[in-house]
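As a plain string of letters, each chain reads:
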Amino acid sequence: MSVNRDFFAERDFNRDFQESGAPEGGWAQAARLPGAMVPTHCCFCGVQCGMFLRVRGGKVVGVEPRDFPHNRGSLCPKGVVAYQQVGHPQRLLHPMVRRGGKGGQLQRASWDEALGYVVDRWKGIQAEHGRDAVAVYGGSSMTNEKCYLVGKFARVGLRTRHVDYNGRLCMSSSASAYARAFGIDRSPLPMTDIPLARCILVVGSNIAECFPILTRWLWAARDRGARLIVVDPRETPTARTADLWLAPRPGTDVALLSAILRQVVHDGRVDEGYVRERTVGWEEARAAAEPFTPEEAERISGVPAARVVAAARLYGGADPSLILHARGIEHSTHGVDACLACINLALARGQVGKPGGGTTMLTGQGNGQGGREHGQKANQLPGYRHIDAPEDRRVVAEAWGIPEEELPGEGAAATEMVGLMEAGRIRSCLFMCSNPLVSLPDLAQVERALARLDPLVVVDFFLSETAERADVVLPGTVWCEDEGTTTNMEGRVLRVRSAAEPPGEARRDWEILCDLAARLGRGAWFPHRTARQIWDELRRVSRGGVADYSGITWERIDAEGGVFWPCPGEDHPGTPRLFTERFGHPDGRARFTPLTYLPPAEEPDGDFPFRLATGRTVYHYLSGTQTRRLEFLNSQAPEPWVEVHPRAAEGLGIRGGDRVRLTTRRGSMELEALVAPTVRPDTLFVPYHYGGAASVNRLTLPAVEPKVKIPEYKVCAARLDPLGASPRTDRGPRRNFTADTRPDMFPYASGEGRSAEEEEGKAY
Ligand code: SF4
């Protein structure tokens with residue numbers, strides 16, 4: 001792969017970002033001096049904006065802009081107040097154990113008591129029920145070092161095959177699509193390339209609210225004449241300024257994108273030379289798109305045929321052209337196909353591998369990219385190796401110093417774990433920096449599943465909804481109380497620095513894992529005393545893998561403003577742009593995929609006439625565990641609302657500000673109506689960051705994409721009633737797909753995990 005370092009030098013994007021190496025004694029020590037400024041990155045979304053934390057008297061007291069290449073001193077509302085978590089009065093300061101059984105109280109305990117209790121229970125469970133009866137559920141808001149250690153702890157410490165993470169709920173569709181089409185799961189270009197694009201097609205991403213600082217690059221492109229097309233059922237702030245807005249019914253993206261591809265073909269805009277020389281499978285993909293005329297796309301998606309044609313002509317006539325996509329198309333039982341539809345389009349136009357061209361997946365979690373590369377996924381080993389590939393197993397087992405046959409095989413995906421917990425096959429689980437009692441669909445079933453765990457163990461720094469139900473709570477650290485690295489949505493590896501010590505008795509998460517491993521008698525494999533030791537081990541183990549970090553030192557990250565993987569040697573410059581000459585498959589070619597349209601698992605009917613979509617607001621992050629505790633952010637969005645179109649609201653007798661009842665076949669909730677013409681009349685929207693009775697995931701459908709098991713958060717059938725109207729009680733299974741007809745889409749129902757047939761077809 002070639003590297004264009006000059007690109008950055010020319011544009012001066014990497015200049016003087018005020019990071020010339022740590023002071024003597026390290027940043028943590030400097031942070032204890034009066035008025036120290038610690039250069040680090042925001043803990044929230046995948047942009048990972050650079051920032052300085054102001055530290056006085058050992059306390060983090062503020063934030064200041066940092067001229068980092070991709071945010072150039074800007075921060076969004078979340079980034080500005082992120083530091084307020086550090087000294088927050090609700091921080092967990094000591095371990096807690098629930099005394100008096102499941103109905104008892106969480107009470108203060110010593111580390112020795114809490115860890116001793118957990119390990120004794122785990123040993124007993126594994127002796128009686130097998131090693132796989134204990135599971136680990138990680139997260140992607142942690143550093144690469146922690147993510148790596150979570151996977152190693154599960155497979156070498158606990159020796160269970162069941163380890164997965166919350167990235168299963170957000171990036172698994174695009175990860176699978178990129179791995180399948182390109183051979184490497186990483187966005188192909190840096191965000192500083194965006195201004196080079198002449199047309200940007202944003203599909204299923206509310207960029208202005210989810211990645212506010214990324215908007216600067218969209219405007220930089222538009223200042224240079226780029227056209228913007230947005231595909232979204234809501235007129236988001238990004239859609240509002242677009243040249244063309246297409247508002248499909250939720251869950252119909254494959255049909256719409258296939259129709260755009262067909263029109264590009266009919267307009268003679270396919271790059272035939274690129275397709276011939278750099279891809280395989282075009283004829284099959286082209287033939288599969290042919291039935292999707294603009295009129296057929298209109299029938300399925302509701303987007304007027306003329307707009308489909310206009311989008312194809314805007315996109316197809318621009319060079320370079322860039323497609324940005326996110327959870328709007330990924331949270332679907334057909335999410336992988338929707339991402340592949342974007343890729344088909346970009347490949348047909350010969351864009352992937354060009355500066356400013358191709359496709360890019362927008363990563364929601366801060367370390368959503370790195371979190372899926374280092375072995376905390378159910379099927380994966382560090383370096384983005386596959387746990388079933390004999391050579392990958394041999395390399396990692398050797399690096400870890402264990403016999404290859406001791407390395408467990410593939411375990412259950414996060415969504416499959418719920419069924420296994422409810423069925424009693426997973427009897428204890430360690431949750432680390434994840435809050436499934438807000439984030440998983442159909443929470444009533446998740447509650448039943450977690451209630452069967454004994455013990456339910458949670459590592460977190462606030463008492464999340466999941467931690468409230470735990471048998472043992474272990475206090476961890478926020479991002480700036482530890483050293484480490486993250487990998488942002490570009491594939492750029494960045495340094496996160498410690499600006500404060502953990503409060504009270506809280507410990508760094510990796511220290512907790514090392515202590516647990518030692519108590520399990522596996523301490524020899526977890527000798528780490530610093531995050532840097534974990535990093536150096538991660539680098540070694542990743543050498544030769546797809547995600548090769550072996551050449552990335554902390555010093556290089558400091559000196560170069562981050563390093564893009566793959567970086568297979570300390571003399572290798574890193575790889576800002578992928579696929580400039582060849583793709584990651586052995587033959588160097590990208591794969592087209594023939595696609596067909598299948599409807600969502602559950603569609604509206606007479607009883608439930610709306611499509612309910614869930615998503616984010618700018619003021620909150622993921623399950624809200626952090627942002628609901630930050631006063632400014634919570635004051636702006638203290639509770640969820642339901643967006644409903646004025647025409648629909650009028651028909652229901654609902655006015656803006658009314659309390660209303662939202663109902664699906666899983667349950668109902670009360671919330672405030674936001675009557676706005678910015679949502680399709682047949683669609684309702686609710687933000688998902690809230691807990692308890694305010695959690696919209698009490699209503700969502702636990703259907704998943706059959707291979708990667710990502711839930712269908714973006715569409716289920718719903719009804720809306722003014723408060724006081726009798727809620728319908730019809731809960732009949734009126735669905736396109738059910739657990740009987742498609743058990744691969746309903747893992748909660750079976751509790752059996754993946755079938756042998758599904759194993760054959762796995763692609764994530
Ligand atoms: Fe943080 Fe993302 Fe906002 Fe930047 S855009 S400040 S990384 S939340």
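In what follows, the structure referred to is the one given above.
Anyway, here's the lowdown on the structure attached to this text. (Residues numbered from 1 in each chain as written. Predicted model: local features only at pLDDT ≥ 70, side-chain atom pairs only at ≥ 80, totals over all residues. Heavy atoms only, no water.)

To continue, consider the overall build of the protein. When helices and strands are tallied, the protein shows 28 helices and 28 strands. Reported as C-alpha extents along the three principal axes, the dimensions of the protein are approximately 65 × 65 × 50 Å. In the protein, buried positions account for 65% of the 764 residues. Long-range pairs, those at least 24 residues apart, make up 75% of the contacts in the protein between residues at least 6 apart in sequence. (Helix = DSSP H or I, 4+ residues; strand = E, 2+ residues; numbered from the N terminus. Buried < 20%, exposed > 50% of the residue type's maximum accessible area, 1.4 Å probe, protein only. Contact = heavy atoms within 4.5 Å.)

Pairing is antiparallel across the open sheet formed by three strands, whose spatial order is β19-β20-β21. The open sheet has two edge strands with one neighbour each: β19 (484-487) and β21 (563-564). Taken together, the two bridges between strand β20 (residues 492-496) and β21 define a ladder with antiparallel strand orientation. Across the sheet, residue arginine 492 finds its bridge partner in β21, namely phenylalanine 564. (Pairing = 2+ DSSP bridges.)

With that settled, consider the packing of aromatic side chains. In the structure shown here, the tally under the stated rule is 14 aromatic pairs. Considering the side-chain rings of phenylalanine 44 and tyrosine 621, the 5.0 Å spacing of their centres and the 55° angle between planes classify their relative orientation as tilted. Within this pair, whereas phenylalanine 44 is found in the loop between β1 (36-41) and β2 (50-56), its partner tyrosine 621 is found in the loop between β23 (610-615) and α25 (631-636), the two being separated by 577 residues in sequence. Phenylalanine 44 sits in the buried class, given a relative accessible area of 1%. Classification of tyrosine 621 by relative accessible area gives buried; the value is 1%. Residues tyrosine 148 and tryptophan 400 carry aromatic rings whose centres are separated by 6.3 Å and whose planes lie at 65° to one another, so their mutual orientation is edge-to-face. (Phe/Tyr/Trp six-rings, centres within 6.5 Å; stacked < 30°, edge-to-face > 60°.)

Take the site of the ligand next. Close to the ligand lie Cys42, Phe44, Cys45, Gln48, Cys49, Leu75, Cys76, Lys78, Gly79, Pro212 and Ile213, which account for all nearby residues. A molecule is said to occupy a pocket when more than half its atoms come within 2 Å of that pocket's grid points, and by this definition the ligand occupies the second largest cavity. Across the shell around the ligand, the residue classes tally to eight nonpolar, two polar and one charged. (Near = heavy atom within 4 Å. 1 Å grid on protein atoms, 1.4 Å probe; cavity = no way out; pocket = protein on both sides within 12 Å on 5 of 7 lines; lining within 4 Å. Sits in = over half its atoms within 2 Å of the grid points. Nonpolar A, V, L, I, M, F, W, Y, C, P; charged D, E, K, R; others polar.)

Before going further, it helps to spend a moment on the pattern of salt bridges. Tallied over the full model, the rule gives 56 salt bridges. Linking glutamate 537 and lysine 152 is a salt bridge whose minimum nitrogen-to-oxygen distance equals 2.8 Å. Highlighted residues: glutamate 537 in helix α23 (residues 531-542) and lysine 152 in helix α5 (residues 144-158), separated in sequence by 385 residues. Residue classification places glutamate 537 among the buried positions, given a relative accessible area of 9%. Connected via shared salt-bridge partners are Lys146, Asp482, Glu501, Arg508, Asp509 and Glu511. (Salt bridge = Lys/Arg side-chain N within 4 Å of Asp/Glu carboxyl O.)

With that settled, consider the pairing of β2. Counting buried positions along β2 gives five out of seven residues, so the element sits mostly inside the fold. Summarising the sheet, β1 and β2 pair through six bridges and their orientation is antiparallel. Opposite methionine 37, over in β2, you have arginine 54 as the bridge partner. Relative to strand β3 (residues 59-65), β2 runs antiparallel, the two being bridged by six bridges.

On to the pairing of strand β28 (residues 716-722). Judged by how many residues are buried, β28 sits mostly within the fold: six of seven residues are covered. For strand β25 (residues 659-664) and β28, the ladder comprises four bridges, and the chain directions are antiparallel. Note on β28: the bridge partner recorded for threonine 663 is arginine 719.

Quick look at unusual backbone geometry now. A negative phi angle characterises most non-glycine residues, just as the trans form characterises most peptide bonds. Proline 320 follows aspartate 319 through a cis peptide bond whose omega is 0°. With respect to the helices and strands, proline 320 occurs in the loop between α14 (305-316) and β12 (321-325). Positive phi outside glycine occurs at arginine 159, with the angle close to 60°. Among the secondary structure elements, arginine 159 is positioned in the loop between α5 and β7 (163-165).

Before going further, it helps to examine the side chain of glutamine 48. With respect to the helices and strands, the residue glutamine 48 is situated in the loop between β1 and β2. Non-local contacts of glutamine 48, meaning those with residues more than four positions away in its chain, are made with His41, Cys42, Cys43, His70, Gly366, Thr486, Asn488 and Leu494.

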